[in-house]
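Residue-level structural notes
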Amino acid sequence: MLMKHKNISATIASLLTFLVFTSFLYAKDQAEVQVSAEKLADNIYMFTDSGGMGNSTALTGNDGVLLIDTKVADSVDKLLAKIAELSNKPVRFAIITHWHYDHVGGNETVAKTGATIIAHENVRKQMGIEHDMKIFNKKAHPAAETALPLLTYKDKITFHMDGEVVKVFHLEPGHTDGDSVIYFKNANVIHMGDLYFEGLYPYIGIYSGGTINGMINDINQILPIIDENTKVVPGHGPLSNKAKLVQYVSMLATIRDNVSNLMLEGKTMEEVIAAKPTQLYDEKWGKGFLPPDKFAGLVYMDLSPELP
Ligand SMILES: [Zn+2]
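The text that follows walks through the structure, step by step, so that each part is easy to find. (Residues numbered from 1 in each chain as written. Predicted model: local features only at pLDDT ≥ 70, side-chain atom pairs only at ≥ 80, totals over all residues. Heavy atoms only, no water.)

**Comments concerning the pairing of strand E4 (residues 64–68)**
For E4, the buried fraction is high: five of the five residues fall into the buried class. With five bridges joining them, strand E3 (residues 56–61) and E4 adopt antiparallel strand pairing. Note on E4: the bridge partner recorded for Thr60 is Val65. The antiparallel pairing of E3 with E4 creates a hairpin that spans two residues between the two strands. (Buried < 20%, exposed > 50% of the residue type's maximum accessible area, 1.4 Å probe, protein only. Helix = DSSP H or I, 4+ residues; strand = E, 2+ residues; numbered from the N terminus. Pairing = 2+ DSSP bridges.)

Below, the structure is given as C-alpha cells:
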C-alpha cells in the first residue's frame, strides 16, 4: 500500500507540472481570446472561444436571452458583446452546467445586468466552499455571493420561452456532482456541459463527486433522448452529433475497462500508465488539454478506492 501511495504522489507531481503550465497558457491567452458564434437553429447559438474555455449556448428570442455558462471573468464581456450582436434583449436567465471556473467565471458580470443565475443545487454548494485543487496546484476560493446561483433545482426544471421547451436536468454525478444537461426540445439541440469533451480527453472532477463511471452512465441515458439530427454542444470542443457522442462514450468505456483490468492485476499507477491503456485513442483524443499519460493517471485515481 505504501508503495502504491508513493507512486500516486509521483504521478500527481507530474500532473501538477503539466496542468500548472496549462493554466499559465490560459492566463496568458485571455487578452487575445476571440469569442465566436455559430448558429444552431433559428434563435439558438453556440459560443466557442479561442482560449479553450467552456462552450456557451444562448436562446435569443423576444422573451429575453437564456444563456448557458458564462465562461471566464476575462472573456465574459466578449461573450456578452457577441450576444448583443444577435439580440437586443437582456440576458434573462443564465443556466450554469457545473461549478468549474471556466463555466462560471462571468456569473457576477452577467448577474449585474439583471440576469438570474440558475444551477443544480450542488453548484451553489461547491461554489460556496474552498477547494484544494491538488492537481491544479491551486485553491478555488468560495465565490462572491453575487456569483452564486440565485435559483437552484434538484432533478429537473423546464423553461418555456419563445415557443421553445428547454429541459434542464441532472443525472447521477458524472463530471461533477452538480452537472446540468440542457435540451432544447423543439430545435433538437442539446448542451452537454463537461460530461462531453469532443476531440480531447476530458477532465473528471474527482474532487467534487465526478467519476468516469457516472459520465458513461449519464451519456448512456442521454443517447436514447437524441437522434441523428440532434446538434450536440460539448462542454469543450467543436459542435458535434450523436454518432460522435457514441464514439466518445465508447472511448471512455474502453479506457475505463483497460485501466480497471490493469488495476485488478495489481498494477501500480506508474505501471498502469506505462501499459498505455489509452493507446488506441491517443491519435484522436490525446492532443488536447490532457495528454494520454495524464488522462490514464486521472482515470486510475478516479477508480482507486481512496482519492489521493
Ligand atoms: Zn468542468
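**Describing the nonpolar core**
The nonpolar side chains of soluble globular proteins are, as a tendency, buried together. The biggest cluster of nonpolar side chains holds 72 residues, and the ones touching the most others in it are Met192, Leu245, Tyr248, Leu252 and Phe295. Considering each element in turn, this core owes the most residues, ten residues, to helix H7 (residues 242–264). In this view, Tyr248 contacts Leu195, Tyr196, Phe197, Pro202, Met215, Ile219 and Trp285; residues no more than four positions away in its chain are not counted. Within the second largest apolar cluster, 19 residues are counted, among which are Ile44, Leu66, Ile68 and Val189. (Core = buried A, V, L, I, M, F, W, Y, C linked by side-chain atoms within 4.5 Å. Contact = heavy atoms within 4.5 Å.)

**Observations concerning the sheet that holds strand E1 (residues 35–41)**
As a general point, the strands of a sheet are linked pairwise by backbone hydrogen bonds and lie either parallel or antiparallel. One open sheet holds the seven strands; their spatial order is E1-E2-E3-E4-E5-E6-E9, and the pairing between them is mixed. The open sheet has two free edges, formed respectively by E1 and strand E9 (151–153), since each of these has just one partner strand. On average, each strand axis in the sheet is tilted by 20° relative to the strand beside it, whichever way the strands run. (Axes fitted to C-alpha atoms, helices over the stretch in contact; angles between N-to-C directions.)

**Section: the coordination of the zinc ion**
Taken together, His98 (NE2), His100 (ND1), His175 (NE2) and Asp194 (OD) make up the protein donors of the zinc ion, found 2.2 Å from the metal. Classification of the site at the zinc ion as irregular follows from its four donor atoms and the range of 86 to 175° in their angles at the metal. In primary-sequence terms, the residues that donate to the zinc ion follow H-x1-H-x74-H-x18-D. Look at His100 and you get buried, because its relative accessible area is 7%. (Donors = N, O, S within 2.8 Å, 3.2 Å for Na, K, Ca; no water. Tetrahedral: all angles 85-135°; square planar, octahedral: opposite > 155°, others 65-115°.)

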